[in-house]
Amino acid sequence: MPKAYVFTRYGGPEAEALVDVDRPSPGPGQVLVAVRAAGVNPVDWKQRTGYRRPGESGERDFPAYFGNEVSGVVEEVGEGVEGFAVGDAVFGRPVVGGYSEYALLSVDLIAPKPDALSFADAATLPVAAVTAYDGIRQLDLPAGATLLVTGAGGGVGVAAVQIARALGLRVVGLASEAKKDFVASLGAEHVASGPGWTGRVPGGVDGVYDLVGGDVLEEAATLLTDRTRLITAGAPPEVVEKLGGARVARVRTSERLAAAADLVVRGDLDPHVTQTFPLERAGEALRAVEEGHARGKIVIEVAK
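The model shown is predicted, which means the values in this text are computed figures rather than measured ones.

Engineer: It is not clear to me how helix α9 (residues 282–290) should be interpreted in this structure. Could you clarify?
Structural biologist: In an α-helix, one full turn covers 3.6 residues, which means residues spaced three or four apart are oriented alike. For α9, a buried count of 7 out of 9 residues is recorded, marking the element as mostly surrounded by other parts of the structure. Where α9 is concerned, the buried positions are Ala282, Gly283, Ala285, Leu286, Arg287, Ala288 and Val289. Considering only its buried residues, α9 is in contact with β1 (3–7), β2 (16–20), β3 (30–40), α1 (42–48), β14 (273–278) and β15 (297–301). Once α9 finishes, Gly292 follows within two positions and takes phi at roughly 80°, a positive value.

Given below as structure tokens:
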């Protein structure tokens, strides 16, 4: 039977397990994909603790799959599917599956994988890169403006810095001292996180893309004269709205996935996959992200 890495209840790492699962069958408008790679994101472990994304409702069925972005090869197509066929390489957001050998994807949330894009890189795009892309588009800062990115060394931050730089923005990246060289290599001016960090920001900032939340978000807001240029993917809507900002408005479409892939193919975006783990070691991959020490993106690779 196919394998999948799941959580069997809400809780900590003790709730995780590699289990046998039934091979899913695609319904209307869906494709079954043999997974080649799955991106690892903070939202994955947060869901294990009971976190629900904005708009999610209803009880979660257990065991529940980890993973919100995959790439792979189409194995079967459901009724009414057009534009995709068995053997096509694709990437997108799974309806069922994730850290697994098979996943179901809706045709509304997948895109063809360009030949120039590896399965590992493609698996980092649906959550991290598209979130970054959505946020930069939402801020709509003019070329030459200065953008502060908090959490600049993480998966979304790495993409946000590069996309902003490709659009001609000056970028200041807030990250730990250990990530200084890495953040600088992306084209950002590094500012070390920690007490008093706002005083270390060189010059003024025109916009803030927050990926941390909490005190960092509140402190970042003080650097802006126009709070409408404050967005976050790291805090609930009610928190940032009190500061005069907004949550990142996600645009979940195949077109946005294709746009992110094009950025990689053009050389404007390097997903920076810094570690890969086999499915059997998915727990180690998740720990690396959960403990907050990951640099760039971590990917789980599934054997053919």
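Engineer: It is not clear to me how the nonpolar core should be interpreted in this structure. Could you clarify?
Structural biologist: Soluble globular proteins: nonpolar side chains tend toward being buried together. Among the nonpolar cores identified, the biggest contains 40 residues, and Leu125, Leu147, Val149 and Tyr209 are the most heavily contacted of them. When residues of this core are traced back to their parent elements, those giving at least two are α3 (125–139), β8 (146–150), α4 (155–166), β9 (170–175), α5 (180–185) and α8 (254–266). The element contributing the most residues to this core is α3, with 8 residues. For Val149, the contacting residues outside a window of four places in its chain are Gly157, Ala160, Val161, Val171, Val172, Gly173, Leu174, Tyr209 and Leu211. Counting residues in each nonpolar core, the second largest holds 29 residues, with Val35, Tyr99, Ala288 and Val289 among its members.

Engineer: What's the story with the sheet that holds β8 in this structure? I'm lost.
Structural biologist: With parallel pairing, 6 strands are arranged side by side in an open sheet as β10-β9-β8-β11-β12-β13. Each end of this open sheet is capped by a strand with a single partner; those strands are β10 (189–192) and β13 (246–247). In this sheet, strand β12 (residues 230–232) lies alongside strand β11 (residues 207–210) in parallel orientation, the contact comprising 3 bridges. Its bridge partner lying in β12, Tyr209 is registered against Ile231. Set on the sheet, α3 makes contact with β8, β11, β12 and β13; between it and β11 the angle comes to about 160°.

Engineer: Help me understand the pairing of β9 in this model?
Structural biologist: Side chains on a regular strand alternate between the two faces of the sheet. Burial of β9 is extensive: 5 of the 6 residues sit out of reach of the surface. Here β8 pairs with β9 via 5 bridges, running parallel. Its bridge partner lying in β9, Val149 is registered against Gly173. Read from β8 through α4 to β9, the crossover connection turns out right-handed. Crossover connection from β9 via α5 to parallel β10: handedness right-handed.

Engineer: I tried to follow the packing of aromatic side chains on my own but got confused; where do I start?
Structural biologist: In this structure the tally under the stated criterion is 5 aromatic pairs. Considering the side-chain rings of Phe7 and Phe62, the 5.9 Å spacing of their centres and the 70° angle between planes classify their relative orientation as edge-to-face. Separated by 55 residues along the polypeptide, Phe7 in strand β1 and Phe62 in the loop between α1 and β4 (64–65) bring together distant segments of the chain. Judged by centre distance (5.6 Å) and plane angle (20°), the ring pair of Phe66 and Tyr99 falls under stacked. Taken together, the positions of Phe66 in the loop between β4 and β5 (70–77) and Tyr99 in the loop between β6 (89–96) and β7 (102–112) put the pair 33 residues apart, joining distant regions of the chain. For the pair shown, Phe66 and Tyr99 are each scored as buried. Aromatic rings pair up to connect Tyr5, Phe7, Tyr10, Phe62, Phe66 and Tyr99 into one cluster.

Cut-offs applied
- Residues numbered from 1 in each chain as written.
- Predicted model: local features only at pLDDT ≥ 70, side-chain atom pairs only at ≥ 80, totals over all residues.
- Heavy atoms only, no water.
- Buried < 20%, exposed > 50% of the residue type's maximum accessible area, 1.4 Å probe, protein only.
- Helix = DSSP H or I, 4+ residues; strand = E, 2+ residues; numbered from the N terminus.
- Contact = heavy atoms within 4.5 Å.
- Core = buried A, V, L, I, M, F, W, Y, C linked by side-chain atoms within 4.5 Å.
- Pairing = 2+ DSSP bridges.
- Axes fitted to C-alpha atoms, helices over the stretch in contact; angles between N-to-C directions.
- Right-handed = clockwise from strand over helix to strand, strands pointing away.
- Phe/Tyr/Trp six-rings, centres within 6.5 Å; stacked < 30°, edge-to-face > 60°.

Remember, this is a structural readout, not a statement about activity or role.
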